[in-house]
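Each chain, letter by letter, is given below.
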Amino acid sequence: MVVKRVRTRFAPSPTGYLHVGGLRTALYNYLFAKKMDGDFIIRIEDTDQTRKVEGAEKNLIRMLEWAGIIADESPERGGNFGPYVQSERLDIYKSYCDQLLEDNHAYYCFATSEELEENRQLQLKQGLQPKYNRKWLPEELGGSVPASEIRKKLDAGDPYVIRMKVPDYVSVWFEDIIRGPIEFDSATIDDQVLMKSDGFPTYHFASVIDDHLMEFTHIIRGEEWLPSMPKHLLLYEFFGWEPPKVAHLPLLLNPDRSKLSKRQGDVAVEDYVRKGYSSDAIINFVAMLGWNEGEGSEQEVYSMQDLIEKFSLERVGKAGAVFNVDKLNWLEKQYIKQRPAEKILGVIKPILAAELEQRVSLMPLEVITGDEYLKKVIELMRERVGFEHEFVTFSPYFFFEPDSYDEEAVKKRWTADTNELLREFTDILYALESFSAENIEVKLKEFVAPKGLKAAALIHPLRILASGVSFGPSLYHMLEVLGKETVLRRILKGIELITFSELPLE
RNA sequence: GGCGUGUUCGUCUAGUGGCCCAGGACAUCGCCCUCUCAAGGCGAAGAUCACGGGUUCGAAUCCCGUACACGCUACCA
């Protein structure tokens, strides 16, 4: 038997931003396809014209690309199974629907939405499952409506929908890759609308047609689609098509375990991008929400390549997972620690440029915007920042003069002769030929020892004057990177501004 | 209401009949390192495996029931 090339899809509707749950669905489809040496396709499901949002389709594809999920076929890329936008496939749905009508698997329904709603309320009140009451089921299909009456309504141009005729007394069974066997009784399946009165197909109809015509071998989608699986299966049966394998993914949840939603945090991938998360961390994090390598693996950090190699649908969990930002933050740090400086440069340069338009720097611009300088800053700060943009914003003193000094720190670290010590030490620094961390350290220790002082007596004040804050990288290395001129300028300025006598004595 | 799915530390999870009075990671706390902050190292605390019945010499793991949660129940996807 010839094994078919694996084809999977992500089929979003262009109604807005890319949801992180959607990102994970797309990722799993992508990982599975790539793992199996197959193709990953993007199809746009825009059959609800009222919910369509301008620009959403482009944005969706952009965000997936940002995440490293590149489609083999898509509306933008094309392919042999297009068009990849459902609103451009209307004639296809129409002809397949005609076939169903002809084969008595579907029928016209002229019920108004008011009628339908009334019926629904009635059934609900009676404790029944709300279902279409088959008022318009034709005689040939076991109903009571004569063909002539349908013909009359049609000729009169009355609006109608087309519904599928669900067979009575059958049970629909299928095997979900991650959940195992699932069975439904046809009595619980509604006569789903296939074609809406505006001539557009419903999701259910369009996706079945397209999934078959586009030759997908595996459908991987959210758990919310599980209950509509029997309808889809019935359609495959009507057409005599072999259904693809299916896997229904568990939901992503809010901290209170409700379905992940706005209000309790960010749900759009865009939100996380804006906050500075990298695609490495987002992909890694989202992949682990519901999937794990198993077999005693304790690996936490996975590159996209790792994921492709190790992913399998069988190892996707069944229960919903809470989207926990703490772990995402930790992952982001892991990536910052290991990311090549060159890559980080590309991200922080524009951020720095923007900052420099807002604030004036007293440091030589060509130096502080240069690769050499920025790389040194990156190496000093990479274990201390949570996001790449913090290379600029968390330690602005690498680019700008401190505009204040941490009051608490000054209070804690200043004594009556701190300023005098700093003044004296400034001369030593000034005379220093090579302004290196080692030299500064040696000089500082030489300076402080005969006075019977600890290095800390000078280290902390120096840090505060050079940076404005009491925390940061190794003082000596920090001073070296800042450079002699800047360091001296900041110390001199600082001892002018900070006067010990002004400090409250305790 | 009906149908469906799910349920192991706060969170993500390992675990597919004996190795589990349950392992790892994040978060929390403590100690070490240390010029601060991180990072790192070590350690602590944290799960009566939702509950109740079976099956079995033996169950987190198999079966049945209950509870709870979530999803679906549209001419939305």
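Because the structure is a prediction, the values reported are computed rather than measured. Here, residues in each chain are numbered from 1, in the same order as that chain's written sequence. Starting at A for chains and at 1 for ligands, labels are handed out in the order in which the entities are written. Two thresholds apply to this predicted model, a pLDDT of at least 70 for residue-level local features and 80 or more for giving and counting side-chain atom pairs, whereas whole-chain, interface and lining totals are computed over all residues. Side-chain numbers come from the whole structure's heavy atoms, not from hydrogens or water.

With that settled, the discussion passes to helix α4 (residues 113–125). Between its terminal C-alpha atoms α4 stretches 18 Å, which fits the 18 Å expected from 13 residues at 1.5 Å a residue. G127 sits one or two residues past α4 and shows a positive phi near 75 degrees. Runs of E in the DSSP output that reach at least two residues are strands. Runs of H or I that reach at least four are helices, and both are numbered from the N terminus. In this scheme, a helix's expected span is set at 1.5 Å multiplied by one less than its residue total.

Moving on to the environment of F81. Topologically, F81 is positioned in the loop between α2 (56–66) and α3 (90–102). Sequence separation between F81 and K349 is 268 residues; the distance between their C-alpha atoms is 42 Å. The contact partners of F81, leaving out residues within four places of it in the chain, are R7, E73, R89, L213, M214 and E215. Contacts were defined at the residue level, with two residues in contact if any of their heavy atoms lie within 4.5 Å.

Here a residue is near a molecule or strand as soon as one of its heavy atoms is found within 4 Å of it. Inspection of the region around RNA strand B gives 62 residues, with N292, E383, R384, H460 and G472 positioned closest. Think of a polar contact as two N or O atoms within 3.5 Å of one another; within protein, one of them needs to be a possible hydrogen donor and the other a possible acceptor, and neighboring residues in sequence only count if both atoms come from side chains. In this structure, a sugar or linking oxygen belonging to RNA strand B sits 2.9 Å away from a side-chain N or O atom of D48. Between G472 and RNA strand B, the recorded distance is 2.4 Å, taken from a backbone N or O atom to a base nitrogen. Of all the secondary structure elements, the ones that give two or more residues to the surface near RNA strand B are β4 (161–164), β6 (180–185), β11 (321–322), α11 (325–338), α19 (456–467) and α20 (475–482). The element contributing the most residues to the surface near RNA strand B is α11, with five residues. In this count, Pro and Cys sit with the nonpolar residues alongside Ala, Val, Leu, Ile, Met, Phe, Trp and Tyr, while Asp, Glu, Lys and Arg are called charged and the others, Gly among them, polar. A per-class count over the surface near RNA strand B returns 23 nonpolar, 15 polar and 24 charged.

Right, let's get into the UniProt feature "binding site: ATP" (unreviewed entry) in chain A. The sites that UniProt annotates as "binding site: ATP" (unreviewed entry) are K262. Filtering out sequence-adjacent residues up to four positions away, K262 remains in contact with Y17, V267 and D271. UniProt positions are given in the numbering used here, feature names are shortened, and annotations may be inferred rather than shown by experiment.

Opposite charge on two side chains makes pairing possible when the charged atoms of those side chains draw close. Throughout this description, the term salt bridge denotes a Lys or Arg side-chain nitrogen within 4 Å of a carboxyl oxygen of Asp or Glu. As enumerated under the stated definition, the model contains 38 salt bridges in all. E401 is the salt-bridge partner of R489, the closest N and O atoms lying 2.8 Å from each other. Of this pair, R489 sits in helix α21 (residues 484–497) while E401 sits in the loop between α15 (390–393) and α16 (407–413); the two residues are 88 residues apart in sequence, bridging distant segments of the chain. Between E420 and R423 there is a salt bridge; the shortest N-O distance is 3.6 Å. One end of the pair is E420 and the other is R423, both in helix α17 (residues 418–431) and three residues apart, which spans about a single turn. Here E420 falls in the partly exposed class, since its relative accessible area comes to 40%. It is possible to trace a salt-bridge network through shared partners that takes in R9, R43, E45, R89, D210 and D211. Residue burial is assigned from relative accessible area. The probe radius is 1.4 Å, only protein chains are included, and a residue is buried under 20% of its type maximum, exposed over 50%, and partly exposed in between.

With that settled, the discussion passes to the sheet that holds strand β3 (residues 106–109). Taken in spatial order, the three strands make up an open sheet running β3-β4-β7, and their pairing is antiparallel. A single partner strand is all that each edge strand has here, and the edge strands are β3 and β7 (193–195). Mean inter-strand twist for the sheet, computed between neighbouring axes without regard to direction, equals 45 degrees. Bridging between β4 and β7 involves two bridges; their strand directions are antiparallel. Bridging across to β7, R163 finds its partner in V193. In this analysis, strands are considered paired if DSSP registers two or more bridges between them. Interaxial angles span 0 to 180 degrees and are taken between N-to-C directions of axes, which are lines fitted to C-alpha atoms, for helices over the stretch in contact.

Quick look at the state of the cysteines now. Working definition: the covalent bond between the sulfur atoms of two cysteines is a disulfide. Put simply, a disulfide is two cysteine sulfurs that come within 2.5 Å. Tallying each qualifying case throughout the model produces zero disulfides. Distance from the sulfur of C97, which forms no disulfide, to the nearest cysteine sulfur (C109) is 13 Å. Looking at C109, the relative accessible area reads 1%, which means it is buried.

A domain assignment, automatic or from a database, supplies the domain bounds used here. The domain boundaries assigned to chain A delineate domain 1 (7–75 + 204–250), domain 2 (91–202), domain 3 (262–337), domain 4 (339–398) and domain 5 (407–497). On a C-alpha basis, the centroid separation for the pair domain 2 and domain 4 is 62 Å.

The next point concerns empty space enclosed by the protein. Only protein atoms enter the calculation, which uses a 1 Å grid: trapped sets of points that fit a 1.4 Å probe without letting it out are cavities, open sets showing protein on both sides within 12 Å along at least five of seven lines are pockets, and any residue with an atom within 4 Å of a point is a lining residue. Grid points are joined across faces, edges and corners, and a volume is the space filled by probe spheres set on the points. In the structure shown here, the tally under the stated rule is one cavity of 30 Å³ or more. In terms of lining residues, the largest cavity is bounded by S207, V208, D211, I219, R221, M229, H232, Y236, P244 and V246. A breakdown of the residues in the lining of the largest cavity according to their chemical character gives six nonpolar, two polar and two charged.

This part is about the packing of aromatic side chains. In this scheme Phe, Tyr and Trp rings, the latter by its six-membered ring, pair at centre separations within 6.5 Å, and the angle between planes marks the pair as stacked below 30 degrees, edge-to-face above 60, and tilted otherwise. This structure, assessed with the given rule, holds 22 aromatic pairs. Ring geometry for Y108 and F110: centres 6.5 Å apart, planes at 20 degrees, overall stacked. For Y108, a relative accessible area of 21% puts it in the partly exposed group. Relative to Y302, the ring of W291 lies with its centre 5.8 Å away and its plane at 75 degrees, an arrangement referred to as edge-to-face. In this pair, W291 is assigned in the loop between α9 (279–288) and α10 (304–310) and Y302 in the loop between α9 and α10, connecting sequence segments 11 residues apart.

As annotated by UniProt and renumbered to match this structure, "domain: Aminoacyl-tRNA synthetase class I anticodon-binding" (unreviewed entry) occupies residues 369–495. Secondary structure content for residues 369–495 is 63% helix and 0% strand, while the C-alpha to C-alpha distance between its ends is 28 Å.

Okay, the layout of surface pockets next. A water-sized probe rolled over the atoms picks out the places where empty space is left. Its boundaries defined by the atoms lining it, the largest pocket holds a volume of some 1000 Å³. Counting only elements with at least two residues in the lining of the largest pocket, the list comes to β1 (7–10), α1 (20–35) and β8 (218–222). When its residues are assigned to classes, the lining of the largest pocket shows 15 nonpolar, nine polar and 11 charged.

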